[in-house]
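Chains, contacts and geometry: an overview
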Amino acid sequence: MSKAQTPEILPEFPSQGERLAPHHKNAATLELLARRRSTAAAAMTEPGPSPEEIDTLLSIAQRVPDHGKMAPWRFILFQGEERANFGQILAKIWAGENDADEARLNLELNRFTRAPLVIGVISHVLEKHSIPEWEQILSAGAACQNLLIGAQAMGYASQWLTEWYAYHPFAKDALGLRSGERVAGFIFIGSTEDQPVERVRPEAEIGVWRG
């Protein structure tokens with residue numbers, strides 16, 4: 001059964017004020033986390049998530065630790081022809097600053113058409129606030145990770161990228177970034193038949209504090 005034929009699996013979100021379980025023992029979730037692996041955006045194809053699935057993903061993205069309930073992030077969706085339109089902007093910026101051959105310009109033109117859906121996660125930091133800036137930034141990173149996990153649980157491939165345009169002032173202007181905002185990541189989401197190979201994982205550095 002293809003992804004397009006597979007019924008949508010959408011969770012039920014709690015209502016405001018509802019008491020929630022302190023834990024959710026679930027072997028399938030542990031298996032997903034243990035085997036989660038990014039898939040290269042270049043290997044992605046249609047179909048992407050449906051509008052209902054996108055709404056669910058964005059709701060899942062916001063269910064992250066958020067000290068002070070600040071919601072220090074926002075989202076920008078790239079779908080349809082807007083993906084190519086943003087690629088036109090990237091190619092123009094690149095060509096204006098580099099000796100770009102046709103292959104490189106085509107790469108920039110097609111950056112966002114590699115996947116049917118790209119979600120830009122924007123870190124929105126309130127400076128000189130009682131909540132440390134670092135904690136606000138970490139919350140935006142957690143939103144990126146939730147998008148990856150949510151997309152893969154729905155049956156889609158996903159990859160978290162930044163690349164040069166996440167840091168370029170002209171590209172940031174094109175995205176409409178405001179004061180205190182930075183790109184936390186672009187989450188590419190789509191279907192794939194690719195089976196990425198497990199990579200080498202580093203040994204964790206673990207210390208035990210002794211007072």
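Before reading on, note that the structure itself is shown above.
First, a word on what this report is: a plain description of the structure on this page. Fair warning: this is a prediction, and the values are worked out from it, not measured in the lab.

What the protein contains, in helices and strands, is six helices and four strands. Taking the principal axes of the C-alpha coordinates as reference, the protein spans close to 55 × 50 × 40 Å. Looking at the 211 residues of the protein, the share that counts as buried comes to 36%. The contacts in the protein between residues at least 6 apart in sequence include a share of 80% that link residues at least 24 apart. Approximately 13,400 Å² of the protein is accessible, and the part contributed by carbon and sulfur atoms is 53%.

Where helix α3 (residues 81-97) contacts helix α4 (residues 102-109), the two axes come as close as 7 Å, and the packing angle between them is 140 degrees. With respect to each other, α3 and α4 are oriented oblique. On α4, the residues that touch A84, G87, Q88, L90, A91, W94 and A95 of α3 are R104, L105, E108 and L109. Here the residues of the contact of α3 with α4 sort into seven nonpolar, two polar and two charged.

Let's shift gears to the packing of aromatic side chains. Scanning the entire structure with this criterion turns up 11 aromatic pairs. Seen from their ring centres, F78 and F112 are 4.7 Å apart, and the 85 degrees between their planes marks the pair as edge-to-face. With F78 in strand β1 (residues 73-78) and F112 in the loop between α4 and β2 (117-124), this pair connects stretches of sequence that are 34 residues apart. Their ring planes at 75 degrees and their centres at 5.6 Å tell us that F112 and F188 sit as a pair that is edge-to-face. One end of the pair, F112, is in the loop between α4 and β2; the other, F188, is in strand β4 (residues 181-190), with 76 residues separating them in the sequence. An aromatic cluster is present here, built from F78, F86, W94, F112, W164, Y165, F186 and F188 joined pairwise through their rings. In this structure, R104 packs its charged tip against the face of W94, placed 3.7 Å from the ring centre.

Let's shift gears to the side chain of R114. Relative to the helices and strands, R114 resides in the loop between α4 and β2. A polar contact is formed between the side chain of R114 and the backbone oxygen of R111, at a distance of 2.7 Å. At 3.0 Å, the side chain of R114 and the side chain of E163 are in polar contact.

With that settled, the discussion passes to the nonpolar core. Among the nonpolar cores identified, the biggest contains 23 residues, and F78, F112, Y165, L175, F186 and F188 are the most heavily contacted of them. For this core, the element with the most residues is α3, which contributes four residues. Apart from residues no more than four positions distant in its own chain, Y165 is found in contact with L90, R111, F112, R114, A171, F186 and F188. Counting 20 residues, the second largest nonpolar core, distinct from the first, contains L58, A140, C144 and L148.

What follows concerns the sheet that holds β2. Strand order in the open sheet formed by four strands is β1-β2-β4-β3, with antiparallel pairing between adjacent strands. Strands with a single pairing partner mark the edges of an open sheet, and in this sheet they are β1 and β3 (157-161). Pairwise comparison of adjacent strand axes, ignoring direction, gives a mean angle of 20 degrees for this sheet. Here five bridges tie β3 to β4, and the two strands are oriented antiparallel to one another. Within the sheet, the bridge partner assigned to L161 lies in β4 and is F186. Set on the sheet, helix α2 (residues 51-61) makes contact with β1, β2 and β4; between it and β1 the angle comes to about 155 degrees.

Cut-offs and rules
Residues numbered from 1 in each chain as written. Predicted model: local features only at pLDDT ≥ 70, side-chain atom pairs only at ≥ 80, totals over all residues. Heavy atoms only, no water. Helix = DSSP H or I, 4+ residues; strand = E, 2+ residues; numbered from the N terminus. Buried < 20%, exposed > 50% of the residue type's maximum accessible area, 1.4 Å probe, protein only. Contact = heavy atoms within 4.5 Å. Areas by Shrake-Rupley, 256 points an atom, 1.4 Å probe, with all protein chains shown as cover. Axes fitted to C-alpha atoms, helices over the stretch in contact; angles between N-to-C directions. Parallel < 35°, antiparallel > 145°, perpendicular 65-115°, else oblique. Nonpolar A, V, L, I, M, F, W, Y, C, P; charged D, E, K, R; others polar. Phe/Tyr/Trp six-rings, centres within 6.5 Å; stacked < 30°, edge-to-face > 60°. Lys NZ or Arg CZ within 6 Å of the ring centre and 35° of its normal. Polar contact = N/O pair within 3.5 Å; in protein donor to acceptor, adjacent residues only side chain to side chain. Core = buried A, V, L, I, M, F, W, Y, C linked by side-chain atoms within 4.5 Å. Pairing = 2+ DSSP bridges.

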